[in-house]
There are 2 protein chains.
Amino acid sequence: MAERKRVVILGGGFAGLHAALGLAKLTVDVTIVDRRNHHTFQPLLYQVALAVLSPANIAQPIRAIMRKHRNVEVLMDEATGFDTTASRVHLQSGTQLVYDYLIVATGSTHSYFGHDEWATLAPGLKTIEDAIEIRRRVLLAFELAERQMLETGVHPALDFIVIGGGPTGVELAGAISDIAKLYMKRDFRHIDPSKARVIILEGSPHILGMYPEDLQKKALDQLHALGVEIRTSAHVSDIQPGYVMVGEEKITAMVTLWAAGVQASPLGKLLGVEMDRRGCVLVDAQLNPAGHKEIFICGDLAHVMQDGKQVPGVAQPAMQMGDHTARMIAQDIAGKPRTDFHYFDKGDMATIGRKAAVAKITWPFKAHLSGFPAWLTWLVVHIFFLIGFRNRISVFREWAWTYLTFKDGVRLITGSHELPGWEAKHGLEVPNPADEPKTSNAP
Amino acid sequence: MAERKRVVILGGGFAGLHAALGLAKLTVDVTIVDRRNHHTFQPLLYQVALAVLSPANIAQPIRAIMRKHRNVEVLMDEATGFDTTASRVHLQSGTQLVYDYLIVATGSTHSYFGHDEWATLAPGLKTIEDAIEIRRRVLLAFELAERQMLETGVHPALDFIVIGGGPTGVELAGAISDIAKLYMKRDFRHIDPSKARVIILEGSPHILGMYPEDLQKKALDQLHALGVEIRTSAHVSDIQPGYVMVGEEKITAMVTLWAAGVQASPLGKLLGVEMDRRGCVLVDAQLNPAGHKEIFICGDLAHVMQDGKQVPGVAQPAMQMGDHTARMIAQDIAGKPRTDFHYFDKGDMATIGRKAAVAKITWPFKAHLSGFPAWLTWLVVHIFFLIGFRNRISVFREWAWTYLTFKDGVRLITGSHELPGWEAKHGLEVPNPADEPKTSNAP
């Protein structure tokens, strides 16, 4: 009998988990390595950032997901190098893992286009920590404005800038507008949160670039209905505490969020294989980099061409690549030939606030939906794909509660009570306060 | 008609909230100032620390609690000084609040008995942030041990030290033992989490000092049944990364937690009134510091004597002091005389793991309970006192799910992946690793 094959999977995102769940049924030994202890359901991360869901609703320990699969082990660690000749992965802890098959699915992270100093001024949304930080900043903005109003009778404008008009940017902007107008307005006595201004800055001429024109138009209409301002062909030249520069124009911002660029995880570079300019690994139709049929690249890290276009870096293709890779390893073991990966696109969707969305559906029927029907579709699909029955019911319950009752969600501010640029902005916006501070505490 | 009285409440804990809810019914203007945006239900904080509940289950924005009460406003700010002659509170933001009545209920914080350098080595449990930090450390200990085991074939002992044998210490110790033995053991392939050792170090001769002797004995028995080791009259002389010194003895610790001392918030000092050595404000039977009938001190910050004993700094008396203060202000407005505060002690309870507890009940009947009946009592009382209907059902559901299914709770590790002393301990415990790292990834 042949020795059991050893499969090492780097990354516990959609691609890595789907590969692992496929391999769990085979007589192979699988090790999943992730630097976090949990899988994050990224499509709902913006709902944690905007205080609708709790982190535990959309994240689950990878160990817990894999508990029943005794041939799968999980290691909280990080790959730091490869020896592809000896088929070894070097981990940060010092451990080396030997593999017969290596699946690299470490995804992508924010790209600030060479301006790494923008990271603290305009956080992006990739991890639970990011989501908690965005939640903190958005909620804190209202608190600081209320405080300022009480002290001086004026407050800086409640301006929120979202840089990037892709699905994440649109979802963040719609959700901020919702929170401000529907939820926060009842809670403050001195400021009017419904006067919050949400601005999307998109560098290209269109938001939701990958969507068909009619849906882009619908999305624009729905965003306008929520009061979100959209500026396209707006190139951000600088981000500073309290404002963003678009060309020569200075746009004030109490909170700035980043939803513009992503870059691949650096593992492609460590592997020493061919990459595109964003660091994605160029792979063949079977997801292997040149010369390495034992290495599979899956998810956002893979640069896969199909019908002349690059397969997008979103959840669906990642899951399908993971599934495909597990099947190919099964084919190898069974002595059958491998087949090409083919991305089966069922469609795309993005929500806009609490009851609208746009959806391009390509399977099981073709349709362009918008408004409430698109939102309902989004809801069903996202509940269906949440891994773990418990998460499904808990998310559904949280949504039902929050959407039906307008109740509180999880509006906790944790961590620091500082907002970048608050002091500067405070000086900028507020006319000279009188020497003697006002006293005022009458509601 | 007399002008509306202005009441400023400092602190949104049990005392402050109860005072505010009482005052909300009167024709007075109330301002609650808290440096956090949320009220924390502290008796359940240890369940967040041990990954049973999510932060949002036990914390709620103070604004949301007060939403319906239009005469109450909430300010996220912090008192930095007082001018009791002009009846003003100075806030960090620069705002000054004028009061007719001032209620100071800013509670207590950890005391490291002059060793502030211990704070990062042995976190205490007072805030949501503390709870998330403890959760991070406890969960990370198992992950790092697994990683170490895979690399070298040995791992540092899974030793958890809880300093302090009061209710919080007992609850933390019982819960760590539970997580390790019931939940974690199924999730690791290389280490045996059930071998985790939990040690309570208590400086006095008895744990749960305020409980009657028979319940102390029962608590000891229940802790022993869970495998928790208890060392009484154990004076901690030093805490270092990786170990704790008790006199000359060095006790290794992968994680050290602090549940030993508390000190009052520094506001007593700022008020310039008489205090005890822990910084609690000495008040008369009507909760006023000497010479200030317009100032009430409530909750942990108040040093109140009753029947020759100090009223303990726990939730029940805090709530009662808040209620009493609101009533006294109502009496003043009605032109009626004030009455003395009288703490009505209904009993005390502390849980020990997932199905045991000790309870000293003094109302509506007198009883000493232990084991499962005490635990059931604890459950009912704590659900009943959770502020907010939503929290009540969400906590009950989380408990039911976790307790009945042994499922995952919320075992997310967020933040840094470092553990103080891990490197040192790793060097301490692990025999010289071979020059060539072992390779091992067979489950």
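Residues numbered from 1 in each chain as written. Chains lettered and ligands numbered in written order. Predicted model: local features only at pLDDT ≥ 70, side-chain atom pairs only at ≥ 80, totals over all residues. Heavy atoms only, no water.

On to the overall build of chain A. When helices and strands are counted, chain A shows 12 helices and 26 strands. Against the globule reference of 22 Å for 443 residues, chain A gives a C-alpha radius of gyration of 24 Å, in line with a compact fold. Each principal axis of the C-alpha distribution contributes one length, and for chain A these read about 85 × 50 × 40 Å. Among the 443 residues that make up chain A, the fraction classed as buried is 59%. Look at the contacts in chain A between residues 6 or more apart in sequence, and 65% of them connect residues 24 or more apart. A total accessible area of about 17500 Å² is found for chain A, and carbon and sulfur atoms account for 55% of it. Of the side chains in chain A, 46 bear a positive and 47 a negative charge, and the two mean positions are spaced by 7 Å. (Helix = DSSP H or I, 4+ residues; strand = E, 2+ residues; numbered from the N terminus. Rg over C-alpha atoms; globule rule 2.2 N^0.38 Å. Buried < 20%, exposed > 50% of the residue type's maximum accessible area, 1.4 Å probe, protein only. Contact = heavy atoms within 4.5 Å. Areas by Shrake-Rupley, 256 points an atom, 1.4 Å probe, with all protein chains shown as cover. Lys, Arg positive; Asp, Glu negative; His and termini not counted. Charge placed at Lys NZ, Arg CZ, Asp CG, Glu CD.)

Here is a general trend for soluble globular proteins: nonpolar side chains tend to be buried in one another's company. Counting residues in hydrophobic clusters, the biggest one holds 133 residues, and the most contacted among them are Leu10(B), Leu102(B), Phe142(B) and Phe160(B). In this structure, Leu102(B) is in contact with Val8(B), Leu10(B), Phe82(B), Val89(B), Leu271(B), Glu294(B), Ile295(B) and Phe296(B), ignoring residues within four places of it in sequence. In this structure, Ala49(A), Ile176(A), Ile179(A) and Val358(A) belong to the second largest nonpolar core, which totals 132 residues. (Core = buried A, V, L, I, M, F, W, Y, C linked by side-chain atoms within 4.5 Å.)

Moving on, we get to the relation of the copies chain A and chain B. Expressed as a screw transformation, the operator carrying chain A onto chain B has a rotation angle of 180° and an axial translation of 0.0 Å, and the superposed copies differ by an RMSD of 0.0 Å. Such values leave the two copies arranged in the relation of a two-fold axis. Every residue of chain A has its C-alpha some distance from the rotation axis, and the shortest such distance is that of Ser54(A), at 3.7 Å. Looking at the interface residues of chain A, 97% of them are also at the interface in chain B, so both copies use one shared face. (Least-squares fit on C-alpha atoms with pLDDT ≥ 70 in both.)

All names here are of chain A. Its place among the elements puts Tyr343 in the loop between α9 (315–334) and β24 (347–351). In the structure, Tyr343 is positioned 37 residues away from Gln306 in sequence and 7.7 Å away in space, judged by C-alpha atoms. In this view, Tyr343 contacts Gln306, Val311, Pro312, Gln316, Pro317 and Gln320; residues no more than four positions away in its chain are not counted. Among the polar contacts made by the side chain of Tyr343, one reaches the side chain of Asp345 at a distance of 3.3 Å. (Polar contact = N/O pair within 3.5 Å; in protein donor to acceptor, adjacent residues only side chain to side chain.)

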